[in-house]
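Residue strings, one per chain:
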Amino acid sequence: MREALMKPISQGSFFAFLLAVFAGVAVHAAGAQKSFEKRGGICPAKPVVRDVMDPLPPDAVKLTGGLEVPIEKSIAHWHKGNVPYREFAEFFRKGRPKFALGEMWGKFVRSGAMQYRHRRDSELKAVLDGAVADILATERPNGSISCVPEELQPGGDGHSRPHCSDLWERKYVMLALEDYYEWVERRPEVLASLQRQADCLIRQVGPAPKRDIREIGWSPNCIESSSLLEPFMRLHKLTGRKEYLDFARYIIESGGAKGSDLFAQARAGVMPWRMGEPYPKAYEMTSIFEGLAEWHRVTGDESAREAVLKYFDSVLRHEITIVGNGGGNYPHWPRWSGEAWDNTAAEQSNPDMTRMMETCVGVTWMKYASQVLRLTGDVRAADAIELYVYNGLLGAMKPDGDGFSYVNLLNGEKVTNKGWGWTFASGPVTCCNLNGPMGLAYIPFCTTPARPSPRPHRAPKCN
Ligand SMILES: [Zn+2]
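Residues numbered from 1 in each chain as written. Predicted model: local features only at pLDDT ≥ 70, side-chain atom pairs only at ≥ 80, totals over all residues.

Draft legend 1. Quick peek at the overall build of the chain. Counting its secondary structure elements, the chain contains 17 helices and 4 strands. Counting the 463 residues in the chain, one finds 50% classified as buried. (Helix = DSSP H or I, 4+ residues; strand = E, 2+ residues; numbered from the N terminus. Buried ≥ 20, exposed ≤ 12 C-beta atoms within 10 Å, placed from the backbone.)

Below, the structure written as structure tokens:
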């Protein structure tokens with residue numbers, strides 16, 4: 001993969017130039033951040049684990065042809081197209097007619113922030129600035145940005161739609177604001193709002209008498225809600241606040257899903273389609289392990305590292321198909337519409353299969369592989385990214401970049417919107433339409449020449 005993707009930028013002199021630019025950017029950014037942190041009274045957490053590979057800094061990567069053109073089209077026709085992102089924010093003011101629709105705002109802004117990291121497009125920034133200002137204005141008196149009225153938080157009675165998706169939706173607001181803060185603009189009001197959102201969740205969710213995170217969600221094991229692990233770890237890294245690390249520990253100790261300890265199962269080598277039964281939902285499960293990777297990076301927890309790497313091994317071996325994506329409905333989980341792990345590597349040619357390889361799964365798998373690549377430098381992770389980008393991801397994109405196929409049968413229809421989503425006046429929007437652009441945005445983030453971290457981590461001096 002590196003040879004294929006590096007060609008346009010592999011000249012030695014240009015690489016040296018990039019490193020010099022990186023050094024200058026890093027010094028400047030460190031100074032500005034230190035000043036801001038001093039004013040804001042926050043102290044970023046010190047990671048214990050040093051990544052063996054780092055992405056190149058923002059705006060440093062120039063791709064050509066087959067990879068840059070899809071990115072350009074997606075920015076032009078998706079983020080700057082007619083996506084009804086203002087209507088997405090209205091769900092937080094007026095409620096939503098269907099569960100999980102509150103994820104749309106976060107997914108749209110999250111991928112837009114990552115696209116902005118790569119291409120400093122001023123029109124894209126204007127879209128993102130407006131969307132962020134709009135969502136911040138929906139913050140409720142208790143600090144939450146939620147589609148659910150305060151008196152019904154968190155998540156209504158826990159299982160009834162639409163409010164059962166409350167934690168999942170609030171997770172995506174947090175992730176989007178973290179990506180905006182990290183890659184677009186470090187606005188103090190964004191970080192302040194993130195902390196109020198997290199503080200509200202900590203007041204509402206946790207050990208008794210608070211609400212159990214495994215009892216709030218739309219799936220039978222509420223697996224999706226534990227994906228709050230990632231935004232809490234990222235917020236802990238930004239602020240150093242112990243409360244967020246404690247909440248992450250609560251999620252991990254809860255096992256990630258009702259009735260299962262996903263992390264123990266990963267360490268034991270349980271096949272992914274048998275993890276988290278009765279719903280081994282591929283995309284949500286992998287999101288949780290993304291958060292576990294962040295936990296390991298910050299804490300140095302070796303049992304977490306073991307779970308992260310064994311989960312990667314198991315998915316790679318048992319679930320990933322010839323186009324780099326995974327999950328399906330037959331034979332194991334026909335009731336889950338092809339969105340569960342399904343021993344897919346073995347079953348990919350099963351003629352009974354009618355839905356498989358949701359784009360949300362592939363994009364999240366790609367992001368997870370980039371975590372493993374950064375942590376270990378394992379070439380199998382780079383290969384997994386390459387296989388998915390060139391086959392599953394680009395193969396799922398509509399030619400103009402204004403949408404992605406929901407499910408991706410090897411011998412079936414592409415660009416179907418049949419599945420979860422909502423039809424707006426401007427057209428249908430699905431989870432996969434929203435996640436596909438994140439995969440594109442990750443191409444320059446995780447497939448360009450990775451380099452060792454230049455300096456050992458040092459404890460920040462904040463006091
Ligand atoms: Zn999807």
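Draft legend 2. Main features of the packing of helix α12 (residues 282-299) against helix α13 (residues 302-318). Remark: α12 packs on α13, axes separated minimally by 9 Å, with the N-to-C direction vectors making an angle of 140°. In this structure, the crossing between α12 and α13 has a hand that is left-handed. In this structure, α12 uses F289, L292, A293, W295 and H296 to contact α13, whose residues at the interface are A304, R305, A307, V308 and Y311. Residue composition of the contact of α12 with α13, grouped by class: 8 nonpolar, 1 polar and 1 charged. (Axes fitted to C-alpha atoms, helices over the stretch in contact; angles between N-to-C directions. Left-handed = near helix turned anticlockwise from the far one by under 90°. Contact = placed C-beta atoms within 7 Å. Nonpolar A, V, L, I, M, F, W, Y, C, P; charged D, E, K, R; others polar.)

Draft legend 3. Focus on the nonpolar core. Counting 126 residues, the largest nonpolar core has Y180 and L292 as the members making the most contacts within it. When residues of this core are assigned to their parent elements, the largest contribution, 12 residues, is made by helix α7 (residues 166-184). Those residues in contact with Y180, other than ones at most four positions away along the chain, are V109, A113, L128, V132 and V190. (Core = buried A, V, L, I, M, F, W, Y, C linked by C-beta atoms within 7 Å.)

Draft legend 4. Region of interest: the confidence of the model for the chain. Looking at the chain as a whole, the pLDDT averages 89, with 87% of positions reaching at least 70. In this model residues 1-40 is a low-confidence stretch, pLDDT under 50, and it forms 30 contacts with partners more than four residues away in sequence or in other chains. (pLDDT = per-residue confidence, 0-100.)

Draft legend 5. Quick peek at unusual backbone geometry. Across the junction of R161 and P162, the peptide omega takes the value 5°, indicating a cis bond. A cis amide bond links E277 with the next residue in sequence, P278, at an omega value of 15°. Here P278 shows up in the loop between α11 (262-267) and α12. Look at A100: it is not a glycine, yet its phi comes out positive at around 75°. Within the secondary structure, A100 sits in the loop between α4 (85-94) and α5 (103-118).

Draft legend 6. Structural view of the environment of G276. With respect to the helices and strands, the residue G276 is situated in the loop between α11 and α12. A residue is classified by how many C-beta atoms lie within 10 Å of it, and G276, with 30 of them, is buried. Taking the C-alpha atoms as reference points, G276 and N221, 55 residues apart in sequence, are found 7.4 Å from one another. Residue contacts for G276: discarding those within four places in its chain leaves N221, I223, A257, S260, L262 and M285.

Draft legend 7. Representation of the pairing of strand β3 (residues 421-424) within the structure. Across 4 bridges, β3 lies against strand β4 (residues 427-430) in antiparallel orientation. In the sheet register, G421 faces β4, and the bridge partner there is T430. (Pairing = 2+ DSSP bridges.)

Draft legend 8. Region of interest: the environment of H159. Position of H159 among the secondary structure elements: in the loop between α6 (122-136) and α7. Sequence spacing of H159 and I216 is 57 residues, and the spatial spacing of their C-alpha atoms is 5.9 Å.

Draft legend 9. Here's a closer look at helix α10 (residues 242-254). The terminal C-alpha atoms of α10 lie 18 Å apart, and with 13 residues this matches the ideal 18 Å at 1.5 Å per residue to within 8%. Every buried residue of α10 is listed here: Y244, F247, A248, Y250, I251, I252 and S254. Residues of α10 that are buried sit in contact with α8 (188-204), α9 (229-239), β1 (256-257), α11 and α12. (Expected span 1.5 Å × (residues − 1).)

Draft legend 10. Highlighting the packing of α7 against α8. At a minimum axis distance of 10 Å, the contact between α7 and α8 shows a crossing angle of 155°. Between α7 and α8, the crossing angle belongs to the class labelled roughly antiparallel. The handedness of the crossing between α7 and α8 is left-handed. When α7 is examined against α8, the residues R170, V173, M174, L177, E178, Y180 and Y181 are found in contact with a partner set consisting of V190, L191, S193, L194, Q197 and L201. Taken together, the residues that form the contact of α7 with α8 break down as 9 nonpolar, 2 polar and 2 charged. (Parallel < 35°, antiparallel > 145°, perpendicular 65-115°, else oblique.)

Draft legend 11. Up close: the environment of F91. By the element assignment, F91 lies in helix α4. Placed 57 residues apart in sequence, F91 and V148 show a C-alpha to C-alpha distance of 9.3 Å. When sequence neighbours within four positions are dropped, the list of residues in contact with F91 reads R96, L101, G102 and C147.

Draft legend 12. View of helix α16 (residues 379-396). Its 18 residues place the ends of α16 25 Å apart at the C-alpha level, agreeing with the 26 Å of an ideal helix rising 1.5 Å per residue. Approximately 45° is the largest bend angle found in α16, and it occurs at V389. Within the span of α16, buried status applies to A381, A382, A384, I385, L387, Y388, V389, G392, L393 and A396. (Bend = angle between axes of the 7 residues up to and from the residue.)

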